[in-house]
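Coordinate inspection notes
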Amino acid sequence: MAKCKTDCIERPLSLAFEKLGCVVGRHPCVFLLVALYVAAALGAGFVFLQEREANDIEDQFTPVNGPAKLERAFVVETFPQSEEFSQIRLTSEGTYASVIITDLHGENILTVPAFVDIIEFDRQVKKIITGNTFENLCAKTKGRCMSNTILDIINYNAAEIVSSKITYPLNNNMFLGSSIGGVELKPDSSEISSAKAVRLFYFLDEKKTKENSYWLDDFLKLLSNYTEQKTVNVSYFTSLSRQKEFETNSDSVIPLFSATYFLAINISVLSCLRLDCVRTKVWVALFGVVSAGMAVLASFGLLLFCGMPFAMTVASAPFLILGVGVDDMFIMISCWQKTEVHKAVEVRLAETYKEAGVSITITTLTDVLAFYIGLLTPFRSVQSFCMYTSTALLFCYIFNITFFGACLALNGRREKGNRHWLTCMKVPEPTGDGDIACCVGGAYDENTRKEFEIPMDSFFKHYYSPFLTRVWVKTLVCLIYAGYLAVSIYGCFQIQEGLDLKHLAVDGSYVGDYYDKEDEFFSDFGPNVMLVIKDEHFQYWNPTARKSLDLCLENFQNLTLADSDLPPISWLHVYLQYGMNFGFDVDNETEFKSHLTAFLNYSGFSQDVNFTNNQIQASRMFVQSVNIRTAIDEKNMLNELRETAVECGKLQPPVNLIVYHPAFIYFDQYAVIISNTIQNLVVATCVMLVISLLLIPNPLCSLWVTFSIASVIVGVAGFMALWNVSLDSVSMINLVICIGFSVDFSAHISYAFVSSEKSSANEKATDAISKLGYPIVQGAVSTIAGVVVLAAAKSYIFRTFFKIMLLVILFGAVHGIVFIPVFLTFLGNCSNSRVKNKQYSDTNKQQRKDPVMDHTENVWCTDPDCPSL
């Protein structure tokens, strides 16, 4: 049955590739020119690149339809923006500029000299004019610009900073937790003794978008050149900074493209270089790199034509495509070298396609499907990367069997005429009398009538594989694997979740400096969380309902993340006190509603209650969070708040509410990142297994494919955590890549083992390694070479891509040529090689990494139009 399945799929594909190879070999110029034309035509889509760029951080790096986005939509609709500005009531981050000011020597910032500089700085900022003054653009409350509390306390007089008694975190009911950081209090007192940092905010009216952008640009120019401070250090940030710095990420890798292609060309040429001036494959190697570049040009151009958003993460795809494309080139060149040199070019190419075509089809299929599965993620940045990369891999495959095949045929014609690789002039064939290689060429093995075996194949066959199958070496390999697995599992428990927003900026950016200062000095207090009661039928005047609400608020206050010393900001509690002072019955619905409007206008809580048509549609209160220092704290806070909200809905009577803060838009990634990564890995693994069972139908082989995939994923996940890489939308991409590349390395070596004609387990392992060892190493080196330059990138996104790709390829290759062969020797008797000899001769040729043909078999083209020798 297994053999039937293989024949039903493999045999028609092999015959189709054989015929295609014959056609390409007969008309190489047609395929070469058509491929160039297609690439050029589709490449015109790059004119839409700027239009298609999708660099909005929220859109690309937060979950599509995340709960916080739905909660924000409700808050925006229910509580329209007021003319009176309130920072805690913002539904977005707002439009603002901010600075964190510290002492030059890290000492107490609450000194007269420091505040002289601070007040002068504040004056300089407010003097910025861009057609509009700060006074015209600022966010206002009661007709006046929002001011900074710390400067109000000292009346903009530096001398008063010493004489004023400032309490913390509340000073005359004004919250200072976000204004003063690194605070030390006097013993048994709430009075500030010293502080390390002061933060100032300059909020602008969000409606004046264009004017605000000009002002913020000038703010950044002022700060980048500001040298007037004598005693303080200033770190600065604006609401546009993160986005602007993120958009410069791609610029940091553009210079690396040339380095990548230079490296790929050199590796390709060196791998294909021969001393024989006829048999050397220099030009073929060069055009193999060109083929990968054409694939990127055509695929990206096509998707840009189709309107596919181009996210920042896509900029790392060409590096990967180059590595994979060159890998396929090596396979085809290796298969070409196993054909008989005296056969016609079209026959040789037909045999090459028959040998390599199904192989690169299988591995392309697994890689492409792994990326398409990535489209299931709720992150647009991942979706964009997976779409562009998978499409580029398809084009890479298409150009390999058309454009590169045509180049291989043209090079074959040169070899057929025994012409020099550089001058194309005919050279004499070697006579065996010590002729100099540059003067003669075209040597081949007289016995096999094929090109001579390359040294690396001899190394794996005669040295490495016999060494690996020694008992003491296998014992050592098992111990090394146990250590690898232990470290990997330990690392998996150290994984940090979430994308730190400061990592979206390039290294050395002022954004990173600001975030570092914020983490250091202002992490004692977290977001002021909005509790929105969305039940329009909730009876605020009912003592029983209020009791449920009080219990709900108490539950929030009892959370470890809430500050029990800071009571919730509650309009209802103030209103109840208001009712007692004015002597009306707040338990009576009519009286409760009749006085509510006047209270809201008087108290400043008008933005917290949607009182429409004599009905309270919704209302909101606020709880201050504390000690939110790490990504784990952010995740736990969000989970605990939402769980508490659910519990409030179970009270009698229920309090149906939602929790919201603008930062929750980004915190939502914690809710889906692990579950979604696991989902993608499981689905991808199942798909890979189905493909393996269909095209490599051996249960034992499938078992070892599964084992290898799991082992590589565990290793990559564990070691990436130890390498300070968090699990986020960027690293999620690479974990999906693990699946495809794990299959590439493991499936071939496993099936080569179980299908080997050798009798003993050690001989089977030796046979498999001798055939697949060098192609695996070649493929690994070429892929790593495609991404290694990203190690020098100044962007976290691209360095993360390099780190995980390095781990994926390194661990995948080590499993393929070290761990899996050794483990298979322990289960060698599970295969039935005598029965599978013929199946092996047919299906082993599918393997992408196995360039070896049966040297004793003359494979002739089945196309009657194909000439034979």
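Everything that follows concerns the structure shown earlier in this document.
Remember, it's a predicted structure, so these values are computed and weren't measured experimentally.

Here we come to the overall build of the protein. Of the regular secondary structure elements, the protein holds 31 helices and 16 strands. Overall size of the protein, expressed as C-alpha extent along the three principal axes, is 115 × 60 × 55 Å. Taken across its 869 residues, the protein has 57% of its residues classed as buried. In the protein, of all internal contacts separated by at least 6 residues, the share reaching a separation of at least 24 is 80%. When the accessible area of the protein is evaluated, it comes to approximately 35300 Å², of which 59% is carbon and sulfur surface. When the 67 basic and 87 acidic side-chain charges of the protein are each reduced to a single mean position, those positions are 8 Å apart.

What follows is about the sheet that holds strand E10 (residues 197–204). Reading across from one edge, E7-E10-E2-E11 is the order of the 4 strands in this open sheet, with antiparallel pairing throughout. Lying at the two open borders of the sheet, with one neighbouring strand each, are strand E7 (180–181) and strand E11 (232–238). As judged from the 7 bridges shared by strand E2 (residues 95–103) and E11, these two strands associate in the antiparallel manner. Across the sheet, the residue bridging to Ile101 is Val234, located in E11. Its contacts with the sheet put helix H6 (residues 112–126) on E2, E10 and E11, and the angle it makes with E10 is roughly 15°.

Our next topic: the nonpolar core. Judged by nonpolar contacts, the single largest core of 258 residues is most densely connected at Phe115, Phe121, Leu200, Trp215, Phe219, Phe556 and Trp571. Among the elements that make up this core, the one with the highest residue count is helix H30 (residues 796–825) (19 residues). Contact partners of Leu200, with chain neighbours within four places excluded, come to Ala97, Ser98, Val99, Ile101, Ile118, Phe121, Asn148, Ile150 and Leu151.

All right, on to a negative patch on the surface then. There is a patch of like negative charges on the surface, built from Glu53, Asp56, Glu247 and Asp251. Assignment of secondary structure puts Glu247 in helix H11 (residues 241–247).

Take the state of the cysteines next. Enumeration over the complete set of coordinates arrives at 2 disulfides. Disulfide partner of Cys138: Cys145, at an S-S distance of 1.8 Å. Between Cys138 and Cys145 the sulfur-sulfur dihedral comes to about -65°; the bridge is accordingly left-handed. With respect to burial, Cys138 and Cys145 carry one shared label: buried. Residue pairing for Cys552: its cysteine sulfur links by disulfide to Cys648, the two sulfurs lying 2.1 Å apart. Between Cys552 and Cys648 the disulfide shows an S-S torsion of about 95°. By sign, it is right-handed. You can see Cys552 sitting in helix H20 (residues 543–557) and its partner Cys648 sitting in helix H24 (residues 631–648), a full 96 residues away along the chain. Unpaired in this structure, Cys29 has its nearest cysteine sulfur neighbour in Cys407, at a distance of 9.9 Å.

The next thing to look at is the sheet that holds strand E16 (residues 657–660). Judged by pairing direction, the sheet is antiparallel, and its 4 strands sit side by side in the order E14-E15-E13-E16 without closing on themselves. Taken across any chain shown, the strands that pair with only one partner, and hence form the sheet edges, are strand E14 (609–612) and E16. Adjacent strand axes in the sheet meet at a mean angle of 15°, parallel and antiparallel pairs treated alike. Relative to strand E15 (residues 615–626), E14 is paired through 4 bridges, and the arrangement is antiparallel. What sits directly across from Thr612, in E15, is Gln615. Contacts from helix H5 (residues 67–78) reach strand E13 (525–533), E14, E15 and E16, with the element oriented near 105° to E16.

Attention now moves to the packing of helix H15 (residues 345–373) against helix H16 (residues 380–416). Interhelical geometry of H15 versus H16 gives an angle of 170° and a closest axis separation of 10 Å. By the angle between their directions, the pair H15 and H16 is classed as roughly antiparallel. Across the contact of H15 with H16, the residue classes break down as 16 nonpolar, 10 polar and 5 charged.

Counting buried positions along E2 gives 9 out of 9 residues, so the element sits mostly inside the fold. By the alternation rule, side chains of E2 split into Thr95, Ala97, Val99, Ile101 and Asp103 and Tyr96, Ser98, Ile100 and Thr102, which are all buried. Where E2 lies against E10, 8 bridges are found, and the strand directions are antiparallel. Residue pairing for E10: Thr95 is matched across the bridge by Leu204.

Counting through the fold element by element, Glu191 comes out in the loop between strand E8 (184–185) and strand E9 (192–194). You can call Glu191 buried: its relative accessible area is 15%. With sequence-adjacent residues up to four places away left out, Glu191 is seen in contact with Lys165, Ile166, Thr167, Glu184, Leu185 and Lys186.

For the coordinates displayed, the defined rule picks out 54 aromatic pairs. Note on Tyr96 and Phe201: the rings are 5.9 Å apart at their centroids and 65° apart in plane angle, and the pair reads as edge-to-face. With Tyr96 in strand E2 and Phe201 in strand E10, the pair connects residues that are 105 residues apart, well separated along the chain. Look at Tyr96 and you get buried, because its relative accessible area is 10%. Taken together, a centroid distance of 5.8 Å and an interplanar angle of 45° make the contact between Tyr575 and Phe584 tilted. You'll find Tyr575 and Phe584 in the same group, each marked buried. Clustering of aromatic rings is evident, with ring pairs tying together Phe538, Tyr540, Trp541, Trp571, Tyr575, Tyr578, Phe582, Phe584, Phe592, Phe599, Tyr602 and Phe605. For Arg199, the ring lying beneath its charged end belongs to Phe522, and the centroid distance is 4.4 Å. It is Arg620 that lies over the ring of Phe79; its NZ or CZ is 4.4 Å from the centre.

Next up on the list: a nonpolar patch on the surface. Judged by side-chain polarity, Val30, Val34, Tyr37 and Val38 come together as a nonpolar surface patch covering roughly 380 Å² of accessible area. In this structure, Val30 sits in helix H2 (residues 28–43).

Along the chain, Gln624 turns up in strand E15. Only 2.8 Å separates the side chain of Gln624 from the backbone oxygen of Gly526, close enough to count as a polar contact. Side-chain polar atoms of Gln624 contact the side chain of Asn528, separated by 3.2 Å. Sequence-distant contacts of Gln624, defined by excluding residues within four places in its chain, comprise Phe175, Phe525, Gly526, Pro527, Asn528, Leu561, Ala562, Asp563 and Leu566.

Moving on, we get to the environment of Asn225. For Asn225, the position within the fold is in the loop between helix H10 (209–224) and E11. Classification of Asn225 by relative accessible area gives exposed; the value is 59%. Counting along the chain gives 190 residues from Asn225 to Ala35, while the straight-line C-alpha distance between them is 52 Å. At 3.1 Å, the side chain of Asn225 forms a polar contact with the backbone oxygen of Lys221.

Here is what the cut-offs are and how they apply
Residues numbered from 1 in each chain as written. Predicted model: local features only at pLDDT ≥ 70, side-chain atom pairs only at ≥ 80, totals over all residues. Heavy atoms only, no water. Helix = DSSP H or I, 4+ residues; strand = E, 2+ residues; numbered from the N terminus. Buried < 20%, exposed > 50% of the residue type's maximum accessible area, 1.4 Å probe, protein only. Contact = heavy atoms within 4.5 Å. Areas by Shrake-Rupley, 256 points an atom, 1.4 Å probe, with all protein chains shown as cover. Lys, Arg positive; Asp, Glu negative; His and termini not counted. Charge placed at Lys NZ, Arg CZ, Asp CG, Glu CD. Pairing = 2+ DSSP bridges. Axes fitted to C-alpha atoms, helices over the stretch in contact; angles between N-to-C directions. Core = buried A, V, L, I, M, F, W, Y, C linked by side-chain atoms within 4.5 Å. Patch = residues over 30% accessible without salt bridge, like charges linked within 9 Å, V, L, I, M, F, W, Y side chains within 5 Å. Salt bridge = Lys/Arg side-chain N within 4 Å of Asp/Glu carboxyl O. Disulfide = S-S within 2.5 Å. Parallel < 35°, antiparallel > 145°, perpendicular 65-115°, else oblique. Nonpolar A, V, L, I, M, F, W, Y, C, P; charged D, E, K, R; others polar. Phe/Tyr/Trp six-rings, centres within 6.5 Å; stacked < 30°, edge-to-face > 60°. Lys NZ or Arg CZ within 6 Å of the ring centre and 35° of its normal. Polar contact = N/O pair within 3.5 Å; in protein donor to acceptor, adjacent residues only side chain to side chain.

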